[in-house]
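Understanding the architecture of this molecule
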Amino acid sequence: VNGKSGVLSNVNGNSGVPSNVNGKSDVPSNVNGSSGVPSNINGASGVPSDGASGLPRSLLERIRAKESARAAVAMTRSPADSRELERLERLSETCRIIRSVFRLVGRTSVHKHLVASKLADSHRSRVGVSGAVELIGAVTTLLPDWLVEFAVRGEAFLRLVKPDMDLNDIDCKVNLMIIAKRGY
């Protein structure tokens, strides 16, 4: 594509403006002969900034490099790791719902099935009771200083170890786990 075909082109520095048969642009040019396509707002470099007005090209290149690295990591992640990451991403909301169930009941120990059913009903993403039980198991294994599971006469119960623990601290712990699992 050489810019004379009348097709929008961005290859080899063409302006992306259709040109007519004799190679001149259909868009009127301004005083210094440019094609009428706005350049960088600062006007310092005279090179278009790829739609991100005012951002340096080096910053855009770094952002694109990070995005491509994240995409490469995501493509090479195993399905089991993807499920684990998805479960970790649901953990913060799960903790909030569990805490609200304990506050609603008004006790420090609650039957596990009750918490699982309330969690399944009020979770933002569709989670069944069995999925809620898995999420509760993840909370008890990953945050044992906050929530503990114990059995009384064969029945499973949950107990908040620190009922007044700040949820922002829990969110910070969960976010650190997510970052460690993602690898970036």
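Before reading on, note that the structure itself is shown above.
So, the overall build of the protein chain
- Check the secondary structure of the protein chain and you find five helices and three strands.
- For the protein chain, the N- to C-terminal ordering of α and β elements is α-α-β-α-α-β-β-α.
- The burial tally for the protein chain puts 25% of its 184 residues in the buried class.
- Partitioning the contacts of the protein chain with sequence separation of at least 6, the portion at a separation of at least 24 is 46%.
- A total of about 12,000 Å² of accessible surface is found on the protein chain, and carbon and sulfur atoms cover 54% of it.

Focus: helix α4 (residues 129-142)
- Along its 14 residues, α4 runs 20 Å from first to last C-alpha, staying within 8% of the 20 Å computed at 1.5 Å per residue.
- At its buried positions, α4 is contacted by α2 (79-105), α3 (112-122), β2 (147-152) and β3 (155-160).

Here we look at helix α5 (residues 167-182)
- Between its first and last C-alpha, α5 extends 22 Å over 16 residues, near the 22 Å set by a 1.5 Å rise per residue.
- Those residues of α5 not exposed but buried are Leu167, Ile170, Asp171, Val174 and Ile178. Taken around the axis of α5, the buried residues stretch over an arc of 100°, which confines them to a single face. Set apart from the buried face of α5 by more than 90 degrees, the exposed residues are Leu176 and Ala180.

Details of the sheet that holds strand β1 (residues 109-111)
- The strand order β1-β3-β2 describes an open sheet built from three strands, whose pairing is antiparallel. Across the chains shown, the open sheet's two edge strands, defined by having one partner strand only, are β1 and β2. Strand-to-strand twist in this sheet, taken as the mean axis angle between neighbours without regard to direction, amounts to 35°.
- Two elements, β2 and β3, share six bridges in a ladder whose sense is antiparallel. Bridging across to β3, Val152 finds its partner in Glu155.
- Each of β1, β2 and β3 touches α3; the most contacted strand, β1, lies at about 75° to it.

Observations regarding the environment of Asn168
- Inspection of the secondary structure assignment puts Asn168 in helix α5.
- Considering only alpha carbons, one finds Asn168 and Ser92, 76 residues apart in sequence, at a separation of 9.4 Å.

Definitions and cut-offs
- Residues numbered from 1 in each chain as written.
- Predicted model: local features only at pLDDT ≥ 70, side-chain atom pairs only at ≥ 80, totals over all residues.
- Heavy atoms only, no water.
- Helix = DSSP H or I, 4+ residues; strand = E, 2+ residues; numbered from the N terminus.
- Buried < 20%, exposed > 50% of the residue type's maximum accessible area, 1.4 Å probe, protein only.
- Contact = heavy atoms within 4.5 Å.
- Areas by Shrake-Rupley, 256 points an atom, 1.4 Å probe, with all protein chains shown as cover.
- Expected span 1.5 Å × (residues − 1).
- Arc of directions from axis to C-beta.
- Pairing = 2+ DSSP bridges.
- Axes fitted to C-alpha atoms, helices over the stretch in contact; angles between N-to-C directions.

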